[in-house]
Number of protein chains: 2
Amino acid sequence: MREWEANIRKVVPYVPGEQPKEQGIIKLNTNENPYPPSEKVRKALEETDVDRLRLYPDPTIDSLVSAIAKYYQVDKENVFVGVGSDDVIAMSFMTFFNSDKPILFPDITYSFYDVWADMLKIPYETQPLDEAFHIVKEDYMKENGGIIFPNPNAPTGVLEDISVIEEIVAKNPASVVIVDEAYVDFGGKSAISLLEKYDNLLVVQTYSKSRSMAGMRIGFAIGNKELIKYLNDVKYSFNSYTMNDTSIRFGVAAIEDKAYFEETVEKIIATREWTKKELTNLGFTFPDSKANFIFATHESIPAEELQQALRKEKIIVRYFKKPKIDNYLRITVGTQKEMETLVQTLNNYIENRKCKQ
Amino acid sequence: MREWEANIRKVVPYVPGEQPKEQGIIKLNTNENPYPPSEKVRKALEETDVDRLRLYPDPTIDSLVSAIAKYYQVDKENVFVGVGSDDVIAMSFMTFFNSDKPILFPDITYSFYDVWADMLKIPYETQPLDEAFHIVKEDYMKENGGIIFPNPNAPTGVLEDISVIEEIVAKNPASVVIVDEAYVDFGGKSAISLLEKYDNLLVVQTYSKSRSMAGMRIGFAIGNKELIKYLNDVKYSFNSYTMNDTSIRFGVAAIEDKAYFEETVEKIIATREWTKKELTNLGFTFPDSKANFIFATHESIPAEELQQALRKEKIIVRYFKKPKIDNYLRITVGTQKEMETLVQTLNNYIENRKCKQ
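Rules of the game
Residues numbered from 1 in each chain as written. Chains lettered and ligands numbered in written order. Predicted model: local features only at pLDDT ≥ 70, side-chain atom pairs only at ≥ 80, totals over all residues. Helix = DSSP H or I, 4+ residues; strand = E, 2+ residues; numbered from the N terminus. Rg over C-alpha atoms; globule rule 2.2 N^0.38 Å. Buried ≥ 20, exposed ≤ 12 C-beta atoms within 10 Å, placed from the backbone. Contact = placed C-beta atoms within 7 Å. Axes fitted to C-alpha atoms, helices over the stretch in contact; angles between N-to-C directions. Parallel < 35°, antiparallel > 145°, perpendicular 65-115°, else oblique. Left-handed = near helix turned anticlockwise from the far one by under 90°. Nonpolar A, V, L, I, M, F, W, Y, C, P; charged D, E, K, R; others polar. Least-squares fit on C-alpha atoms with pLDDT ≥ 70 in both. Domains from an automatic or database assignment. Pairing = 2+ DSSP bridges. Arc of directions from axis to C-beta. Expected span 1.5 Å × (residues − 1). Right-handed = clockwise from strand over helix to strand, strands pointing away.

(A) Here's a closer look at the overall build of chain A. The secondary structure content of chain A amounts to 10 helices and 12 strands. Computed over the C-alpha atoms, the radius of gyration of chain A is 21 Å, within 12% of the 21 Å expected from 2.2 N^0.38 for a compact globule of 357 residues. Counting only C-alpha atoms, chain A reaches 65 × 55 × 50 Å along its principal axes. Out of the 357 residues in chain A, the part that is buried amounts to 54%. Residue pairs in contact within chain A that sit at least 24 positions apart in sequence constitute 73% of those at least 6 positions apart.

Spelled out as structure tokens, the structure:
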């Protein structure tokens with residue numbers, strides 16, 4: 001070991017899903033939106049003033065914060081914006097989870113939570129989901145240093161009723177409870193509705209899924225003004241200018257096109273429901289997803305085998321080699337046409353396999 | 001206090017320089033480049049494929065890392081890219097400064113270093129500059145948990161000889177030494193030349209000054225492959241996708257236009273040298289700046305008074321109300337025309353003031 005290595009923070013990083021460079025791929029592995037961003041984003045692109053890029057962006061990100069506040073009918077002081085919801089949640093861990101008591105999150109959930117906790121040396125205790133992949137709310141009513149879970153959960157797609165969320169928030173007045181709503185637009189009810197009643201709740205959302213803008217890295221949190229101020233203080237202590245000129249302006253344009261947003265979300269929901277029926281016919285089972293993906297297991301064929309078979313046919317789905325979920329595939333809902341190809345490809349593979357046996 | 005406030009990280013954030021929204025301002029307060037980005041950036045903008053924004057960007061940022069590596073004639077594995085040099089340095093503090101011993105930096109320097117140290121609970125000891133605002137190299141040869149300083153230093157503009165840098169790096173084999181070269185392109189010699197000899201050196205640079213792209217938030221570090229790997233591990237544990245599609249592509253375009261970069265840097269240097277002479281004639285003194293700003297004090301008029309007088313004439317310069325430097329103005333070098341207006345405005349003010357006395 002070199003002398004300087006003693007003082008280095010050594011971590012096991014999160015491994016993001018594959019971003020293939022080859023052409024002709026049906027990419028159903030990272031829950032991106034199959035539809036392009038709003039036409040208003042194209043217009044914002046065309047209006048970009050290259051000369052202005054020499055100047056720092058507005059550190060308060062006022063235009064984007066205001067546009068999000070207007071959309072959700074809250075005040076500007078209730079909104080925090082960051083470089084994707086990963087940035088927003090990482091900053092939230094730093095800001096709110098500074099107790100010696102463990103933070104709580106589900107055992108099967110977004111695989112970044114334990115990475116952040118490890119990196120920031122935050123103690124944590126995972127809470128097992130029940131057999132139907134639901135949160136057991138009583139598990140979140142013990143002493144803790146903070147709580148976080150996605151709703152709908154990832155990678156299961158399971159939605160908890162807003163009454164369950166409310167009970168967890170209400171029973172934890174001494175903790176900040178973060179509800180990670182990356183997928184809520186595909187069929188869930190947002191906990192934003194609870195913010196008037198509870199000051200210990202932070203709701204996090206993202207442009208990466210329902211707003212078709214994973215490539216621009218925009219996430220946001222909505223919460224009471226004190227929470228948002230503390231979060232901004234940490235952000236300003238880390239990097240005053242996180243959002244670049246283009247992400248600010250494209251972000252405003254996207255959220256102003258509600259009609260397009262609703263249209264694409266509806267299309268994805270319709271395709272998801274169609275895909276559920278087809279997968280059932282092929283022998284798959286899955287918890288009922290309210291997200292833009294389906295977490296499916298086959299009655300006889302191992303998930304890993306199916307993933308590799310699909311990969312050969314240029315269809316990429318996500319497989320997690322982890323306890324309890326290592327026989328599941330997480331399949332992003334693409335366009336109707338992509339899902340028809342997926343179903344056809346799975347059908348061919350399953351039929352051929354039967355013949356060989 | 002609310003119950004949940006006990007576990008919150010409370011910090012005093014960095015206050016960035018003013019970004020005024022009014023028109024007709026001569027903005028000499030945040031060391032931006034007065035010239036627009038390269039025409040190649042405009043072309044990259046025009047080639048932006050809005051449809052692709054639905055997809056996550058490449059988490060390895062391969063194209064931009066490769067372009068920077070090529071420019072500096074190092075390997076890809078020697079380059080780390082982040083959201084401005086603030087992001088790069090914040091990640092470096094987290095990664096490399098994990099000792100119980102204090103990190104060392106100058107008492108007069110970039111005012112974010114102590115903010116990061118406070119936020120990350122890293123012990124630090126500031127080392128006084130000498131009377132000519134130079135680093136006293138012996139101060140950096142005591143036991144420490146890491147070293148950081150800008151070269152040229154901010155807000156003084158004073159450049160240390162590369163032999164001073166080398167001695168500090170050589171005498172600290174057990175520490176990572178970070179040289180923050182935000183301003184090096186305006187007349188300094190980069191410590192990148194020392195990387196072949198020393199594995200404990202990290203050099204940080206930015207697109208915000210010499211490359212006219214503060215608005216896109218692009219910074220980078222160059223160092224030995226082990227350091228860069230540790231830095232990437234922390235980055236991947238914080239946010240896998242920090243750089244958005246546009247910053248990656250515009251960043252590649254900018255660094256590929258070396259001719260334009262050299263042309264604008266030369267213009268700024270020529271204007272800086274002209275401004276130095278004029279300021280001297282007006283009764284100012286200043287350490288000899290090798291950056292894109294001049295840190296000047298007047299023989300008879302307080303700096304704060306001059307700042308306010310200039311602000312009334314729509315010229316913004318930076319003033320730090322801090323010990324030792326509270327009679328100095330940090331004046332960014334703008335276009336030749338802007339600096340002529342500045343000199344004329346200062347001259348008028350000084351003359352009028354004399355008449356009134």
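(B) Structural context of the packing of helix α2 (residues 62–72) of chain A against helix α7 (residues 245–255) of chain A. Residue and element names in this part refer to chain A. The geometry of α2 relative to α7 is characterised by a closest axis approach of 8 Å and an angle of 15 degrees between their N-to-C directions. One finds that α2 runs roughly parallel with respect to α7. α2 and α7 meet at a crossing whose hand is left-handed. Judged by residue contacts, S63, L64, A67, I68 and Y71 of α2 engage I248, G251, V252 and I255 from α7. Of the residues contributing to the contact of α2 with α7, the split by class is seven nonpolar, two polar and no charged.

(C) Seen up close, the relation of the copies chain A and chain B. With an RMSD of 0.0 Å, chain A superimposes on chain B once it is rotated by 180 degrees and translated 0.0 Å along the axis. Read as a symmetry element, the transformation amounts to a two-fold axis. In this assembly the copies share their binding face: 100% of the residues contributing to the interface of chain A also contribute to that of chain B.

(D) Inspection of the environment of B:A309 at higher detail. Tracing the backbone through its elements, the reader meets B:A309 in helix α9 (residues 303–312). With 256 residues separating them along the chain, B:A309 and B:L53 place their C-alpha atoms 46 Å apart.

(E) View of the interface of chain A and chain B. Contacts between chain A and chain B engage 72 residues on the former and 72 residues on the latter. Breaking the side of chain A that touches chain B down by element, the ones donating at least two residues are α1 (39–46), α3 (84–96), α4 (113–119), α6 (225–238) and α7 of chain A. A total of seven residues in the side of chain A that touches chain B trace back to one element, the largest contributor, which is α3(A). Looking at the side of chain A that touches chain B residue by residue, the class counts come to 35 nonpolar, 22 polar and 15 charged.

(F) Up close: the domain arrangement of chain A. All names here are of chain A. What the domain assignment reports for chain A is domain 1 (21–36 + 259–356) and domain 2 (39–256). Just the C-alpha atoms count here: the centres of domain 1 and domain 2 sit 27 Å apart. Counting residues per element, the ones that place at least two in the side of domain 1 that touches domain 2 are α8 (258–281) and β10 (293–298). Here the side of domain 1 that touches domain 2 takes five residues from α8, the largest share from any one element.

(G) Looking closely at unusual backbone geometry. With an omega of -5 degrees, the peptide bond between A:N151 and A:P152 qualifies as cis. Tracing the sequence through the fold places A:P152 in the loop between β5 (147–150) and α5 (162–170). The residue B:N31 is not glycine, and still its phi comes out positive at about 55 degrees. Checked against the element boundaries, B:N31 lands in the loop between β1 (26–28) and α1 (39–46). Positive phi is not limited to glycine here, since B:F133 has a value of about 65 degrees. Examined against the element boundaries, B:F133 turns out to sit in the loop between β4 (124–127) and β5 (147–150).

(H) The sheet that holds β1(B), seen in detail. Residue and element names in this part refer to chain B. On the basis of which strands lie adjacent, the open sheet formed by five strands has the order β1-β11-β12-β10-β9 and mixed pairing. Edge positions in the sheet fall to β1 and β9 (284–285), since each of these pairs with one other strand and no more. By the bridge criterion, two bridges tie strand β11 (residues 315–319) to strand β12 (residues 329–332) in an arrangement that is antiparallel. Bridge pairing in β12 places Y319 opposite L329.

(I) Region of interest: α9(B). Residue and element names in this part refer to chain B. Among all positions of α9, only A303, L306 and L310 are buried. Buried residues of α9, seen end-on, are gathered within an arc of 60 degrees and therefore sit on one face of the element. Turned more than 90 degrees away from the buried face of α9 sit Q308 and K312, all of them exposed. Elements that come into contact with the buried residues of α9 comprise β10 (293–298), β11, β12 and α10 (336–356). Backbone geometry just after α9 places K314 at a positive phi near 65 degrees.

(J) Summary view of α3(A). Over its 13 residues, α3(A) runs 18 Å from end to end, which matches the ideal 18 Å to within 8%, given 1.5 Å per residue. Buried residues dominate α3(A), accounting for 13 of its 13 residues.

(K) Examining the packing of α8(A) against helix α10 (residues 336–356) of chain A more closely. Residue and element names in this part refer to chain A. Viewed as axis vectors pointing N to C, α8 and α10 meet at an angle of 10 degrees, and their least axial separation amounts to 10 Å. As summarised for this structure, α8 and α10 are arranged roughly parallel, according to the angle between their axes. Contacts from T271, W274, T275 and E278 in α8 reach Q336, M339 and V343 in α10. Taken together, the residues of the contact of α8 with α10 sort by class into three nonpolar, three polar and one charged.

(L) Spatial organisation of the pairing of strand β4 (residues 124–127) of chain A. Residue and element names in this part refer to chain A. Across four bridges, the pairing between strand β3 (residues 103–106) and β4 is parallel. The residue of β4 that forms the bridge with L104 is E125. Each parallel crossover has a hand, and the one from β3 via α4 to β4 is right-handed.

(M) Highlighting the pairing of β5(B). All names here are of chain B. Here β5 shows two buried faces, one formed by I147 and F149 and the other by I148 and P150. In the sheet, β5 pairs with strand β6 (residues 177–180) via four bridges, with the strands oriented parallel. For I148, the partnering residue across the bridge sits in β6 and is I178. Traced from β5 through helix α5 (residues 162–170) to β6, the parallel crossover comes out right-handed.

(N) Examining the sheet that holds strand β1 (residues 26–28) of chain A more closely. Residues and elements named next belong to chain A. The mixed open sheet is built from five strands, whose spatial order is β1-β11-β12-β10-β9. Sheet topology places β1 and β9 (284–285) at the edges, where each strand pairs with a single neighbour. With respect to the sheet, α8 is in contact with β9 and β10, its orientation differing from that of β10 by roughly 0 degrees. Helix-sheet contacts for α10 involve β1 and β11 (315–319), and the interaxial angle to β1 is about 90 degrees.

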